[in-house]
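Residue-level listing of the chains:
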Amino acid sequence: KQWYQRRVRGACHDIVGIPQKELGELTGNIAAARRDNIWASKRVFFLTPQIVQNDLNRGVCPAKEIVLLIIDEAHKATGQHAYCQVVRQLQNYTSQFRVLALSATPGDKLETVQSVLSNLLIAHVEIRSEESLDIRPYTHERRVQKVLLKMDGPLAAVRQQYVSKVLDKYFQILTKNKALYSSSTDASNLGKFMLMQQRSSWRARVQGKISSSLSCKIENLFALLITLSHALELLTVHGIGVFLAYSLEQLQKSGWPSNKLQQDFEFTSLIDKIQRWENLGIAPELNNNRYVEHPKLPKLIEILTKHFSSTPDTRAIVFSSYRNSVQRIVKHINEESSQLKATAFVGQSGEKGLKQKQQLRTVKDFKEGKFNTLETQVSAPGGRLFGS
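Model, not experiment: these values are computed from the prediction. (Residues numbered from 1 in each chain as written. Predicted model: local features only at pLDDT ≥ 70, side-chain atom pairs only at ≥ 80, totals over all residues. Heavy atoms only, no water.)

Here we take up empty space enclosed by the protein. One water molecule sets the probe size; rolling that probe over the atoms shows where empty space is left. Counted according to the given criterion, the structure contains 1 cavity of 30 Å³ or more. Reported here for the largest cavity is a volume of approximately 40 Å³. Going through the elements one at a time, helix H8 (212–238) and helix H9 (240–251) are the ones with two or more residues in the lining of the largest cavity. The class makeup of the residues in the lining of the largest cavity is 6 nonpolar, 3 polar and no charged. (1 Å grid on protein atoms, 1.4 Å probe; cavity = no way out; pocket = protein on both sides within 12 Å on 5 of 7 lines; lining within 4 Å. Points joined across faces, edges and corners; volume = space filled by probe spheres on them. Helix = DSSP H or I, 4+ residues; strand = E, 2+ residues; numbered from the N terminus. Nonpolar A, V, L, I, M, F, W, Y, C, P; charged D, E, K, R; others polar.)

In structure tokens form, the structure reads like this:
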């Protein structure tokens, strides 16, 4: 509410020049009769798509007079989302309106982006980054330092065993069945996207030419290998703990791929060994080396400690591209250093998500110095974090 009053209404008045008296806010908490009056007396409306739907159905939204629809978080406009339904409903009344849609995370698949463009009737796309000339005046200067780390210790050992004993086994089966063609004999070089491309190519080659039982077997092997490839990516980028959590989740699922993993002695033995290392805090098979999930974690502690030693009254934000790694990083930071006080800031979805009040409280505590390190995901609600 305060953000809306300060930022959005202020921008409409100060930048666009629309008088405050012509701006209206519509929420579900406002009685229908009062909403009717706001529709009749204002020119610019701030509201959710659900309110538009309800008031279109009631016949009080002046649909034929709407000339511009501005949509934030436009990447949500897929399937039967309310954004899509509002655009379709408006088309029943008029075609004389424009749509301006904005998103900081439009999607990582071409099909997803195209779906959003089609659903919102988008005909022209513009992209902005921090390097764009019209954005630079509003961004802070950054100094980027790349830190290269050697993959060694428990992580290297787990990765080597996983690739050679588990991943490569299924890679070879698909190769022998001529379902997989790769210039590399290293199974670890095959990512999820490449495997999905190979699967599509295989389907086109064998359509109607092989038995249904063989086709089902190959399909299951592709599904399993894609899952295993994703697990390898999590292991390499985020560490053993995230890999372990994902693997245990796969083992608990139903279906052929999970059943196959449950029966795979090499895979279950590796999982058992990781759990034993985690409980002991050391890796007995590696000369009792300390169990560290990823070399990045102790390096992160070192960098943060050095930073706060010279500038103790500042704050640090640590980003992760994978939500399930956020809490693990916070736990590691707080266990390893008394100087660092970390907390997590994530989105609202899921059982472990932070509701809006919790998010606001976290930001407040961070600003006031209760925590000096904030661990968050790249796609967390940055407006709430940085806009405040």
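With that settled, consider the pairing of strand S9 (residues 373–377). Summarising burial for S9: 5 of the 5 residues are buried, a large majority. Where strand S8 (residues 342–345) and S9 come together, 4 bridges link them in parallel fashion. Across the sheet, the residue bridging to Thr343 is Leu374, located in S9. (Buried < 20%, exposed > 50% of the residue type's maximum accessible area, 1.4 Å probe, protein only. Pairing = 2+ DSSP bridges.)

In total, this model carries 17 salt bridges according to the counting rule given. The partner of Asp55 in a salt bridge is Arg35, with the nearest N and O atoms 2.8 Å apart. Taken together, the residues span a long stretch of sequence, with Asp55 in helix H3 (residues 49–58) and Arg35 in helix H2 (residues 32–41) at a distance of 20 residues. Judged by its relative accessible area of 8%, Arg35 falls in the buried class. Linked by salt bridges that have partners in common, Arg35, Asp36, Asp55 and Arg58 make up one network. (Salt bridge = Lys/Arg side-chain N within 4 Å of Asp/Glu carboxyl O.)

Here we come to helix H5 (residues 110–119). Those residues of H5 lying buried are Val116, Leu117 and Asn119. Residues of H5 that are buried sit in contact with helix H4 (82–91). Once H5 finishes, Leu121 follows within two positions and takes phi at roughly 60°, a positive value. (Contact = heavy atoms within 4.5 Å.)

Right, let's get into the side chain of His230. Looking at the secondary structure, you find His230 in helix H8. Sequence-distant contacts of His230, defined by excluding residues within four places in its chain, comprise Lys192 and Tyr246.

Right, let's talk about the packing of helix H6 (residues 153–176) against helix H11 (residues 265–280) for a bit. Packing of H6 against H11 leaves a shortest axis separation of 9 Å and a crossing angle of 165°. On the basis of the axis angle, H6 is roughly antiparallel to H11. Of the two elements, H6 crosses H11, and the hand of that crossing is left-handed. For the pair formed by H6 and H11, the contact residues are Pro154, Ala157, Val158, Gln161, Tyr162, Lys165, Val166 and Lys169 on the first element and Glu266, Phe267, Leu270, Lys273, Ile274 and Trp277 on the second. Grouping the constituent residues of the contact of H6 with H11 by class yields 9 nonpolar, 1 polar and 4 charged. (Axes fitted to C-alpha atoms, helices over the stretch in contact; angles between N-to-C directions. Parallel < 35°, antiparallel > 145°, perpendicular 65-115°, else oblique. Left-handed = near helix turned anticlockwise from the far one by under 90°.)

This part is about the pairing of strand S7 (residues 316–320). Here S7 shows a clear split, with Ala316, Val318 and Ser320 buried on one side and none of Ile317 and Phe319 buried on the other. Where S7 and S9 come together, 5 bridges link them in parallel fashion. Across the sheet, Ser320 pairs through a bridge with Gln377, a residue of S9.

Turning our attention to the environment of Glu25. Considering the arrangement of structural elements, one finds Glu25 in strand S1 (residues 23–25). Separated by 20 residues in sequence, Glu25 and Phe45 place their C-alpha atoms 5.7 Å apart.

In short, geometric facts, not functional conclusions.
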